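The lines below spell out each chain.
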There are 2 protein chains.
Amino acid sequence: MRIKCIVSYDGTQFHGYQIQPMKRTVQQEIESALTKLHKGQNVKIYASGRTDAGVHAVGQVFHFDTKMNIPEEKWPYALNRYLPEDIVLQEAKYVPSDFHARYDTTAKEYRYIISQREIIDVFKRNYSYHFPFRLDLTAIRRACTHLCGTHDFTSFCAAKTEVEDKVRTIYSIQVIEEGTDIIFSFKGNGFLYNMVRILVGTLLNVGQGLTDPDSIPSIIEGRDRSLSGKTVPGHGLYLWKVYYDN
Amino acid sequence: MRIKCIVSYDGTQFHGYQIQPMKRTVQQEIESALTKLHKGQNVKIYASGRTDAGVHAVGQVFHFDTKMNIPEEKWPYALNRYLPEDIVLQEAKYVPSDFHARYDTTAKEYRYIISQREIIDVFKRNYSYHFPFRLDLTAIRRACTHLCGTHDFTSFCAAKTEVEDKVRTIYSIQVIEEGTDIIFSFKGNGFLYNMVRILVGTLLNVGQGLTDPDSIPSIIEGRDRSLSGKTVPGHGLYLWKVYYDN
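Counting restarts for each chain: residues are numbered from 1 in the order of the written sequence. Labels follow written order: the first chain is A, the first ligand is 1, and so on. Per-residue local features are limited, in this predicted model, to residues with pLDDT of at least 70; the limit for side-chain atom pairs, both in listing and counting, is 80 or more; totals at the level of whole chains, interfaces and linings are taken over all residues. Calculation of side-chain values draws on the structure's entire complement of heavy atoms; hydrogens and water are dropped beforehand.

## A look at the interface of chain A and chain B
Here is step 1 of the chain: By definition, residues are in contact when any of their heavy atoms lie within 4.5 Å. Between chain A and chain B, the contact holds 25 residues from the first and 25 residues from the second.
Here is step 2 of the chain: Interface area for chain A against chain B, summed over the two sides, is near 1800 Å², with a carbon-plus-sulfur share of 59%.
Here is step 3 of the chain: Throughout, buried area stands for the accessible area (probe radius 1.4 Å) lost by two parts on being put together, summed over both. When the buried surface of chain A facing chain B is broken down by residue, Ile119, Phe123 and Arg125 of chain A rank first, second and third, together holding 35% of it.
Here is step 4 of the chain: A pair is scored as a salt bridge if a Lys or Arg side-chain nitrogen falls within 4 Å of a carboxyl oxygen belonging to Asp or Glu. Where chain A touches chain B, the interface holds four salt bridges.
Here is step 5 of the chain: Ionic pairing is found between arginine 125 of chain A and glutamate 85 of chain B, a salt bridge with its closest N-O pair at 3.4 Å.
Here is step 6 of the chain: For this analysis, a polar contact is any N or O atom pair within 3.5 Å, provided that within protein one partner can donate a hydrogen and the other can accept it, and provided that sequence-adjacent residues contribute only side-chain to side-chain pairs. Linking chain A with chain B are eight residue pairs in polar contact (both at pLDDT 80 or more).
Here is step 7 of the chain: Helix and strand assignments follow DSSP, with helices taken as H or I runs no shorter than four residues and strands as E runs no shorter than two, numbered in order from the N terminus. Counting residues per element, the ones that place at least two in the side of chain A that touches chain B are strand S1 (2-9), strand S3 (56-65), helix H2 (75-80) and strand S4 (87-95) of chain A.
Here is step 8 of the chain: Among the elements that take part in the side of chain A that touches chain B, S4 of chain A stands out by supplying four residues, more than any other.
Here is step 9 of the chain: Each residue gets one of three labels, nonpolar for Ala, Val, Leu, Ile, Met, Phe, Trp, Tyr, Cys and Pro, charged for Asp, Glu, Lys and Arg, and polar for the others, Gly among them. Looking at the side of chain A that touches chain B residue by residue, the class counts come to 14 nonpolar, five polar and six charged.

## Some points on the packing of helix H3 (residues 137-147) of chain B against helix H4 (residues 195-207) of chain B
The packing of two helices is summarised by the inter-axis angle and the distance between the axes.
Residues and elements named next belong to chain B.
Here is step 1 of the chain: Relative orientation of the contacting elements H3 and H4 amounts to 140 degrees, with a least axis distance of 8 Å. The orientation of H3 relative to H4 falls into the category oblique. In the crossing of H3 with H4, the sense of the turn from one axis to the other is right-handed. Contacts between H3 and H4 involve Ala139, Ile140, Ala143, Cys144 and Leu147 on the former and, on the latter, Leu199, Leu203, Val206 and Gly207.
Here is step 2 of the chain: Of the residues that constitute the contact of H3 with H4, the class distribution is eight nonpolar, one polar and no charged. The axes used here are C-alpha line fits, helices contributing only the stretch in contact, and every angle between their N-to-C directions lies in the interval 0 to 180 degrees. For classification purposes, angles smaller than 35 degrees are called roughly parallel, those larger than 145 roughly antiparallel, those between 65 and 115 roughly perpendicular, and all remaining angles oblique. Left-handed is the label given to a crossing in which the near helix is rotated counterclockwise from the far helix by less than a right angle, and right-handed is the label when the rotation is clockwise.

As structure tokens, then:
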């Protein structure tokens, strides 16, 4: 039987999601917990996509196949006993055997949290990006309207990105003020390597008056990484939700 | 000149506040940062009181004496460069040379955060106590009215407590619901060793119907640690604010 799982993790102590030799990764920890639960029988998982070092997940999704007969609602309790404390299985559901956590996604939402406190909040240091500089949110929101839609996002992905097709659709960008935090929510059909972090870096430039919000269309058209802002740190980024049909 | 400092720290990686040989403590880290800032000249600090392993502080207060001539508002920037990232100086103020962070306190506020989510929130695991069981807040609030006031709190402090006088005054206890969290706020003239954690353990028993809220007066009068609830974990506890006259 195939199971779809929603998992949250604190990225602080991981070298990202994907297995790498000799490094602590989310995938390796989950596969090792599942293998223990399956009494040593190797279990491989397939996630909606990778996350980088330090990046968090509220609702990462993965699937795997099992012969264990555990009711859906018991799976979190069964697996969480074997998982390290910085990974928590939130939900499990039996799905048809052709479901695929990566290929069936219809949209993804990422959030990026900026803390605007003058002095850093010690409890948020690994969970938001401390950026105590004044931001013009009106200019940022204007830039966002230019970013939404279907574009070639070459200017907004790491230069070393290997995928050929860099056209993606951003469905919406929300800029939410919550106390001293500013939360950017990006929903799109897919995101390139470092894309969200470069989008945020560019929007921070706009908010500081370093980049004109109406220059975004020409930055997009330039298809040149050097035209956009810097890559902001991973610890402010969350894979928030992965969407599927039904 | 004497300086009064307000400092926040994430207690997760500390063996408590007070210096102990071979262990990482808050006091040792602050004194070592101050000593570096004073170019190797030893600086000793005096805090409002200790906190235990895993216990956090939002507003711990300490004082120290210095000959360095730094404007008040620059002190956080000066010292935070030398502090580890889990200790953050929030505020510094020059005070009269007879001010004492420990002896001059008029009140202290501690908060204890309970998370009632069914499955643990991975981002709060070190910052709240996961207690996913139903609680009767009306009964808890009734028990709180019995705890407030001036009492001998022998039943609510660790058996090994050495202080002779166990009479303390609790000015107020608030029970705040915030999303899936329940926050207990205790304000009093002073708290005995483990007192807040035992008070919370006892209130959780009341909330679960294991202890009658109206049995609190007899638990207090019994002056016997075995009559009260268990000591809840340190990682849900925050030294929230220390009060002084003016």
